[in-house]
Amino acid sequence: MISTTSRFTYIARAIAVTFLFPVAFLLLLSISDSWIFPEVLPESLTFERWISLMNGNTDLFSSLILSLGIAFSVATISTFGGFYVSKHLAYHPKRNLWMRLSYFPFVLSPIIYAALLYFYFIRAGLTGNMLGVILGQLLIAFPYSVILFSGFWSKRIQNMEQLVKTLGGSRWQTYRRVFLPMAQGLLLVCFFQTFLISWFEYGLTTLIGVGKVQTLTLKVFQYINEANFYNAALSSSLLVLPPIILLYFNKKYLFKKRW
């Protein structure tokens, strides 16, 4: 008889293999020199693509740096900006109205949302450049962070703020010594989540960037359309690996930190 503990162990390992197999397959395909059906394994392997990437000799390296820059910018602005704005919305007399409006960007598909605002991006000269893509992604990531932080501003937090003011603390001291330390875990989770929102964004980036802002997601679809599966696997590997690292820390702080 198999014990309950052993059974759960086997199930956990099976689930782990199920999730890790696609990543392993992408990595193997990215170093394949020739892999033709019906061969089960590649006929030969090569690391030339990865070496060219590390040396910065390919457009994929530029797309990687660009994607990291956009994602970090969106995550940083959304996290700290959303934290500040959510505080004022939490204590606003029309809090319920503003919170309902925060959900509006999630009612529509990102590509439809971008299409509705595309005219204003053209008039502002924000199409086809990195700044326009960042601003477009903030229209989704920023409301998400406001919603995420809305539950933090409880009556207890408000009482602590009043206590700091009574003791002569400034607004900056209140944020630095009270709010930010107490919300450390939630800030990290918000940063990870908004980073992933930006990192995997495709439709909005395609429309606002008009194909000139070549992020990794655009590169993946470009290589697939070209039937260049080996470069598609390489770009997909780059697209998947950083979020795996972030998800690990996200899980760590989500379950081990007390907000």
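Residues numbered from 1 in each chain as written. Predicted model: local features only at pLDDT ≥ 70, side-chain atom pairs only at ≥ 80, totals over all residues. Heavy atoms only, no water.

## A closer look at the pattern of salt bridges
- Going through the model one piece at a time under the given rule, you end up with two salt bridges.
- Measuring nitrogen to oxygen at the nearest pair gives 3.2 Å for the salt bridge that ties Lys 87 to Glu 161. Remark: Glu 161 occurs in helix H7 (residues 155-166) and Lys 87 occurs in helix H3 (residues 59-90); sequence separation between them is 74 residues. With respect to burial, Lys 87 and Glu 161 carry one shared label: buried.
- Residue Glu 161 is joined to Lys 165 by a salt bridge in which the shortest nitrogen-to-oxygen separation is 3.8 Å. In this pair, Glu 161 and Lys 165 both sit in helix H7, four residues apart, roughly one turn of the helix.
- Judged by relative accessible area, which is 48%, Lys 165 ranks as partly exposed. (Salt bridge = Lys/Arg side-chain N within 4 Å of Asp/Glu carboxyl O. Helix = DSSP H or I, 4+ residues; strand = E, 2+ residues; numbered from the N terminus. Buried < 20%, exposed > 50% of the residue type's maximum accessible area, 1.4 Å probe, protein only.)

## Considerations on the side chain of Ser 32
- By the secondary structure assignment, Ser 32 is in strand S1 (residues 32-34).
- With residues up to four places along the chain from it excluded, the contact list for Ser 32 reads Pro 42, Ser 44, Leu 45, Thr 46, Arg 49 and Tyr 230. (Contact = heavy atoms within 4.5 Å.)

## Structural notes on the nonpolar core
- Trp 50, Leu 53, Leu 60, Phe 195, Trp 199, Leu 216 and Leu 238 are the most contacted members of the largest nonpolar core, which totals 20 residues.
- Those elements that provide at least two residues to this core are helix H2 (48-54), H3, helix H9 (184-199), helix H11 (216-225) and helix H12 (229-256).
- In this structure Leu 216 touches Leu 60, Ser 63, Leu 64, Ser 67, Trp 199, Ser 235, Leu 238 and Leu 239, once residues within four positions along its chain are discounted. (Core = buried A, V, L, I, M, F, W, Y, C linked by side-chain atoms within 4.5 Å.)

## Remarks on the packing of H3 against helix H8 (residues 171-182)
- Following both chains from N to C, one finds H3 and H8 inclined at 105°, their axes separated by 13 Å at the closest point. In terms of orientation, H3 and H8 fall into the roughly perpendicular class. On H8, the residues that touch Phe 83, Tyr 84, Lys 87 and His 88 of H3 are Arg 171, Tyr 175, Phe 179 and Leu 180.
- Counted by class, the contact of H3 with H8 contains five nonpolar, one polar and two charged residues. (Axes fitted to C-alpha atoms, helices over the stretch in contact; angles between N-to-C directions. Parallel < 35°, antiparallel > 145°, perpendicular 65-115°, else oblique. Nonpolar A, V, L, I, M, F, W, Y, C, P; charged D, E, K, R; others polar.)

## Re the layout of surface pockets
- By volume, the largest pocket is sized at about 180 Å³.
- Ranked by the residues each element gives to the lining of the largest pocket, the list is headed by H12, at five residues.
- Here the lining of the largest pocket is composed, by residue class, of ten nonpolar, no polar and no charged.
- Here the lining of the largest pocket spans two domains, and each of domain 1 (1-46) and domain 2 (62-254) adds at least three residues to it. (1 Å grid on protein atoms, 1.4 Å probe; cavity = no way out; pocket = protein on both sides within 12 Å on 5 of 7 lines; lining within 4 Å. Points joined across faces, edges and corners; volume = space filled by probe spheres on them. Domains from an automatic or database assignment.)

## Describing the environment of Val 164
- Note on placement: Val 164 falls in helix H7.
- Take Val 164: its relative accessible area is 18%, and that puts it in the buried class.

## Topic: empty space enclosed by the protein
- Enumeration according to the criterion identifies one cavity of 30 Å³ or more in this entry.
- By volume, the largest cavity amounts to about 70 Å³.
- What lines the largest cavity is Ser 67, Ile 70, Ala 71, Gln 137, Ser 198, Trp 199, Glu 201, Thr 205, Thr 215, Leu 216 and Thr 217.
- Among the secondary structure elements, those contributing two or more residues to the lining of the largest cavity are H3, H9 and H11.
- In terms of residue count, H3 provides more of the lining of the largest cavity than any other element does, three residues in total.
- Classifying every residue of the lining of the largest cavity gives four nonpolar, six polar and one charged.

## Points about a nonpolar patch on the surface
- A cluster of nonpolar side chains, Phe 8, Ile 11, Ile 15 and Phe 19, forms an exposed patch at the surface whose accessible area comes to about 450 Å².
- Along the chain, the position of Phe 19 falls in helix H1 (residues 4-30).
- Phe 19 sits in the exposed class, given a relative accessible area of 63%. (Patch = residues over 30% accessible without salt bridge, like charges linked within 9 Å, V, L, I, M, F, W, Y side chains within 5 Å. Areas by Shrake-Rupley, 256 points an atom, 1.4 Å probe, with all protein chains shown as cover.)

## Thoughts on the side chain of Gln 137
- Locating Gln 137 in the fold gives a position in helix H6 (residues 130-149).
- Taking the relative accessible area as the measure of exposure, Gln 137 reaches 4% and is therefore buried.
- Within the local environment of Gln 137, its side chain forms a polar contact with the side chain of Thr 205, the two groups lying 3.0 Å apart.
- Ignoring any residue separated from it by four or fewer positions in sequence, one finds Gln 137 in contact with Ile 70, Val 74, Ser 198, Glu 201, Leu 204 and Thr 205. (Polar contact = N/O pair within 3.5 Å; in protein donor to acceptor, adjacent residues only side chain to side chain.)

## Thoughts on the domain arrangement of the chain
- Structurally, the chain comprises domain 1 (1-46) and domain 2 (62-254).
- Distance from the C-alpha centre of domain 1 to the C-alpha centre of domain 2: 32 Å.
- With nine residues of domain 1 in contact, the opposing surface of domain 2 contributes nine residues.
- With both sides pooled, the region where domain 1 packs onto domain 2 buries about 680 Å², and carbon together with sulfur makes up 76% of that total.
- On the domain 1 side of the interface with domain 2, the three residues burying the most area are Leu 26, Leu 29 and Ser 30, jointly 57% of the side's total.
- The interface formed by domain 1 and domain 2 contains zero salt bridges.
- At the junction of domain 1 with domain 2, the criterion picks out zero residue pairs in polar contact (both at pLDDT 80 or more).
- Counting only elements with at least two residues in the side of domain 1 that touches domain 2, the list comes to H1 and S1. (Buried area = accessible area lost by both parts, 1.4 Å probe.)

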